[in-house]
Amino acid sequence: MSDAPLTKDSAANPPPADALVVLDSVNKHFGALHVLRDINLTITRGEVVVVIGPSGSGKSTLCRAINRLETIDSGTITIDGAPLPAEGRELARLRSDVGMVFQSFNLFAHKTVLQNVTLGPLKVRRQNKAEVEARARTLLDRVGVGNQADKYPAQLSGGQQQRVAIARALAMEPKVMLFDEPTSALDPEMINEVLEVMRQLAREGMTMVVVTHEMGFARSAANRVVFMADGRIVEEAEPHQFFDNPRSDRAKDFLSKILQH
Ligand SMILES: Nc1ncnc2c1ncn2[C@@H]1O[C@H](COP(=O)(O)OP(=O)(O)O)[C@@H](O)[C@H]1O
Ligand SMILES: [Mg+2]
């Protein structure tokens, strides 16, 4: 079988009415390196999309472009119908519609867990402090670290810190959550507690884009698997179809390598 893209053609299939994140012909270069090649991807409300692919295939750049941490060279990205603005207050507001959780937890070391979660809503959203704190405590309870609220990040395990990072992103009441290898820096025994929080979020209907090597999570939680290689979306399919019956040679090769471990 050839490696011709087994993906949807954006021109032939306009975004559905419940589209939340739409990437249309997105291209991105780093110097001579073409890292995102004509990416067409529509994520609908409540959908969980797992992005997998070899190292260097552009998965992180894709996430960072959706969150506008990276500019793009051509194409468009819209969130809930609004094109991503280049900069300014509109960008700050729109960015807060997109929650992001990174591999490295990126918590503020000199702030308590509670302060980490309340900072964004207080600063960007300018909401009432008592309400923000009450909501933050509820979120910390939800991710299972309510009793750690007054500690500093360094006093928590990696799994707890990552759950705080999820609570912090949720505190901004995002429309979509992006996870870029959220468990890759964790000790094995902590991976599941983070994946369980993500599964719960998915069950509650959160729209999620998850870059991960956790194939069990992809199988059980994803509505769709997007496979990237060399900056392209090579294949996308429902998890059972993708894992049991990959169509492209690149996906077959990738799966045979990772599933041997
Ligand atoms: N800031 C950057 N400057 C130059 N090259 C970059 C930068 N960020 C990523 N790259 C390159 O872009 C390609 C895609 O990277 P990335 O999106 O991080 O891939 P992945 O997350 O799939 O491993 C890689 O070749 C990487 O080295
Ligand atoms: Mg990456």
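About the thresholds
- Residues numbered from 1 in each chain as written.
- Chains lettered and ligands numbered in written order.
- Predicted model: local features only at pLDDT ≥ 70, side-chain atom pairs only at ≥ 80, totals over all residues.
- Heavy atoms only, no water.
- Core = buried A, V, L, I, M, F, W, Y, C linked by side-chain atoms within 4.5 Å.
- Buried < 20%, exposed > 50% of the residue type's maximum accessible area, 1.4 Å probe, protein only.
- Helix = DSSP H or I, 4+ residues; strand = E, 2+ residues; numbered from the N terminus.
- Contact = heavy atoms within 4.5 Å.
- Phe/Tyr/Trp six-rings, centres within 6.5 Å; stacked < 30°, edge-to-face > 60°.

Asker: Before we move on, can you summarise the nonpolar core with the specific residues and values?
Answerer: Core analysis: the largest hydrophobic core is formed by 52 residues, its most contacted members being Leu 140, Ile 166, Met 177, Phe 179, Met 198, Met 208 and Phe 242. Looking at which element gives the most residues to this core, the answer is helix α6 (residues 188–203), with eight residues. If sequence neighbours within four positions are ignored, Met 208 has contacts with Glu 47, Val 48, Val 49, Met 177, Phe 179, Met 198, Leu 201 and Ala 202. Ile 43, Val 51, Ile 79 and Val 176 belong to the second largest nonpolar core, which has 27 residues in total.

Asker: Break down the packing of aromatic side chains for me, citing the residues and quoting the values.
Answerer: As enumerated under the stated definition, the model contains three aromatic pairs in all. Ring geometry for Phe 227 against Phe 242: centres 5.9 Å apart, planes inclined by 35°, an arrangement best described as tilted. Remark: Phe 242 occurs in helix α8 (residues 239–244) and Phe 227 occurs in strand β9 (residues 224–229); sequence separation between them is 15 residues. Judged by relative accessible area, Phe 242 falls into the buried class, the value being 0%. The rings of Phe 227, Phe 242, Phe 243 and Phe 254 are connected pair by pair, giving a single aromatic cluster.

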